[in-house]
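Okay, here's what each chain looks like letter by letter:
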Amino acid sequence: MAARHGPYAIACALLLANLVAWAWAMTTLGCAPVLLGAAGLAWTFGLRHGLDADHIVAIDVVTRRLMQAGRAPSLVGLFFSLGHSTVVVLATLALVALPVQGWLEQWHLVGGGFGTLVSAVFMLAAVMANARMALGQWRALRQPARLPPPPAGFVFGWAGRWIGRSWQMYPLGFLFGLGFDTASEIGLLGMAAVQAHHGLGLAGVMTFPLLFTTGMALVDTLDTLLMCRAYGWGMRSGRRRVAYDLGISLVSLVAAAGIGAIELGQKLPGNAAQGNLLMRSLMAAGDHLAGVGAGIVLVFLALWGGAVVISRRQANRISPT
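Bear in mind that the values here come from a model prediction, so they are computed numbers and not experimental data. (Residues numbered from 1 in each chain as written. Predicted model: local features only at pLDDT ≥ 70, side-chain atom pairs only at ≥ 80, totals over all residues. Heavy atoms only, no water.)

As a further point, take the overall build of the protein. Counting its regular elements, the protein contains 13 helices and zero strands. N-terminal to C-terminal, the α/β element order of the protein is α-α-α-α-α-α-α-α-α-α-α-α-α. Within the protein, the proportion of its 321 residues that are buried is 47%. The long-range fraction of contacts in the protein, counting pairs at least 24 apart against all pairs at least 6 apart in sequence, stands at 83%. Taken as a whole, the protein presents about 15,800 Å² of accessible surface, with 69% of it coming from carbon and sulfur. (Helix = DSSP H or I, 4+ residues; strand = E, 2+ residues; numbered from the N terminus. Buried < 20%, exposed > 50% of the residue type's maximum accessible area, 1.4 Å probe, protein only. Contact = heavy atoms within 4.5 Å. Areas by Shrake-Rupley, 256 points an atom, 1.4 Å probe, with all protein chains shown as cover.)

Moving on: the nonpolar core. In terms of nonpolar packing, the biggest core is built from 36 residues, with Val57, Phe122, Leu172 and Phe176 touching the most fellow members. Broken down by element, the residue count for this core peaks at nine residues, all from helix α3 (residues 53-68). With near-sequence residues (within four places) excluded, Phe176 lies in contact with Asp54, Ala58, Phe80, His84, Val118, Ser119, Phe122 and Met123. Membership of the second largest hydrophobic core comes to 17 residues, among which are Ala21, Ala25, Leu29 and Leu200. (Core = buried A, V, L, I, M, F, W, Y, C linked by side-chain atoms within 4.5 Å.)

When pLDDT drops low, the exact placement of atoms in the prediction is not to be read closely. Of the residues in the protein, 72% have a pLDDT of 70 or more, and the chain-wide mean is 77. For the protein, the element scoring lowest by mean pLDDT is helix α6 (residues 158-162), at 53; helix α1 (residues 7-29) scores highest, at 90. (pLDDT = per-residue confidence, 0-100.)

This part is about helix α7 (residues 169-176). Among the residues of α7, Met169, Leu172, Gly173 and Phe176 are the ones counted as buried. The buried residues of α7 all sit within an arc of 100° when viewed along its axis, so they share a single face. (Arc of directions from axis to C-beta.)

Before going further, it helps to spend a moment on the side chain of Thr213. Turning to its location among the elements, Thr213 is positioned in helix α10 (residues 207-234). Engagement of the side chain of Thr213 in a polar contact is seen with the backbone oxygen of Pro209, the distance being 2.8 Å. Those residues in contact with Thr213 that lie beyond four places of it in its chain are Leu82, Ser85 and Val89. (Polar contact = N/O pair within 3.5 Å; in protein donor to acceptor, adjacent residues only side chain to side chain.)

Listed below in structure tokens is the structure:
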């Protein structure tokens, strides 16, 4: 399957975009150490937010869906991050143009519930899809004479119909971003509000969401490119492919179920988690979504690396000496 966009070209373009964003920051903010430190913090927020577990699961699930459909998924993470960061950009503009006290807190209350609902529904669909796929792959392993070819479709119901191209991840990322449920987004908006209050112009204030966007887009796009390589290896041949895909499906299923549980658990009343070890664990995981997301990526890569090592050892055993 030939990719329409080369992975190296995409990565270089994102690196260039980050350099341009930093050049803009140095031009608009000057050499003030406090402002440049805030700019660095905004960029770090974006890098960290790109590793949030809900990002990882959504991007990886849709990447696999597009690869199975024979379409180029290289820009899935980029469009998701652009949709997500659009909310941050609009909110920053509103902070500058509408200095009304309390509206951001109200938006967080209303948008948080809606964003969580969208994410939870998506995670539920991912759990159901991966469960069905894993069941079919398990049956195929038990009956090797009837191994199916790589599926052309995807058992994702409405998501399979609405997300058939990379650019269609943009509205999904926008919906995911409505909640402002993560510390990085809240911290970025608070920092922008403080600088606007101290007289920093619009161009300077918008430097912060620009750096946030480029940092998040870089991480989410690199995640997409890594998963393209990992999934592409698994779609090669026969029984090995089915076993590898089964492992991928199980990891994705557990990740989606865990993220859905974390997001719903965070919306329960505070006293609901008291005395409940499971709920306290979910709340703790919710405070470290970037770490959870990094762990999911490492599990995927470990599975890929282990499969490659096993495959090479088997090839060496059967090759003539």
